[in-house]
Amino acid sequence: MATLPPAQQAAEYTKLGSGYLAQGLVPEAEQEFQTALSADPTDAAAHAGIAQVRERSGSADDARAEAQASIRLAPNVPAYLVLARIDLQASQLAAATSDVSNALRLAPTDPAALAMKSTLAAPRPIPPLVLLCR
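Quick look at the structure, then. (Residues numbered from 1 in each chain as written. Predicted model: local features only at pLDDT ≥ 70, side-chain atom pairs only at ≥ 80, totals over all residues. Heavy atoms only, no water.)

## Overview of the environment of G19
Within the element layout of this structure, G19 appears in helix α1 (residues 6-22). Judged by relative accessible area, G19 falls into the partly exposed class, the value being 28%. (Helix = DSSP H or I, 4+ residues; strand = E, 2+ residues; numbered from the N terminus. Buried < 20%, exposed > 50% of the residue type's maximum accessible area, 1.4 Å probe, protein only.)

Written out as structure tokens, the structure is:
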């Protein structure tokens, strides 16, 4: 891969990282995404991959920062979905809905974005009322 131009190197390493991530091999995925960013720091897909790694590692703030960096470089579905999941977890439903809408604008038939849209549309349980002592 060393003979490839930096952008192609980044694309290849990102593809490897995505494969590892799909298999649940988070440390291996992170290594490939980091190598992609070393080859081309402006690779939006590699930043989105790091965002997914950070999300899976429980680092919501770092995941958000990487997803936002990715979107600034090139709006993309994976980064918007990271933001949507983080916003949903934080009970920020309006923000999560906006993130999913942005993802669907880019890819109207993306299965993950459609699934997240369905999740957001599902009725939420109403918290039980606290009964006060008489």
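The discussion continues.
## Thoughts on the pattern of salt bridges
A complete count under the given rule lists 4 salt bridges for this structure. Linking E30 and R54 is a salt bridge whose minimum nitrogen-to-oxygen distance equals 2.7 Å. Linking E30 in helix α2 (residues 26-39) with R54 in helix α3 (residues 44-56), this pair joins segments that are 24 residues apart in sequence. Residue classification places R54 among the buried positions, given a relative accessible area of 18%. The salt bridge partner of R85 is E55, with a shortest N-O separation of 2.7 Å. Of this pair, R85 sits in helix α5 (residues 77-89) while E55 sits in helix α3, placing them 30 residues apart in sequence. We classify R85 as partly exposed; its relative accessible area is 30%. Look at E55 and you get partly exposed, because its relative accessible area is 22%. (Salt bridge = Lys/Arg side-chain N within 4 Å of Asp/Glu carboxyl O.)

## Here we look at the environment of L81
Among the structural elements, L81 can be located in helix α5. By relative accessible area, which is 5% here, L81 ends up buried. When the C-alpha atoms of L81 and M116 are compared, they prove to be 7.9 Å apart, with 35 residues separating the residues in sequence. With near-sequence residues (within four places) excluded, L81 lies in contact with A103, D110, A112, A113 and M116. (Contact = heavy atoms within 4.5 Å.)

## What about helix α4 (residues 60-73)?
The end-to-end C-alpha distance of α4, which contains 14 residues, comes to 20 Å, matching closely the 20 Å that a straight helix rising 1.5 Å per residue would cover. Along α4, the positions that sit buried rather than exposed are A63, A67, A69, S70 and I71. Summarising the contacts, the buried residues of α4 are in contact with α3 and α5. (Expected span 1.5 Å × (residues − 1).)

## Topic: the packing of α2 against α3
Axis separation between α2 and α3 bottoms out at 9 Å; the angle between their running directions is 150°. What the angle tells us is that α2 and α3 run roughly antiparallel. For the pair α2 and α3, the sense of crossing is left-handed. Along its contact with α2, which presents V26, A29, E30, F33, Q34, A36 and L37, the element α3 presents A46, H47, G49, I50, V53, R54 and R56. (Axes fitted to C-alpha atoms, helices over the stretch in contact; angles between N-to-C directions. Parallel < 35°, antiparallel > 145°, perpendicular 65-115°, else oblique. Left-handed = near helix turned anticlockwise from the far one by under 90°.)

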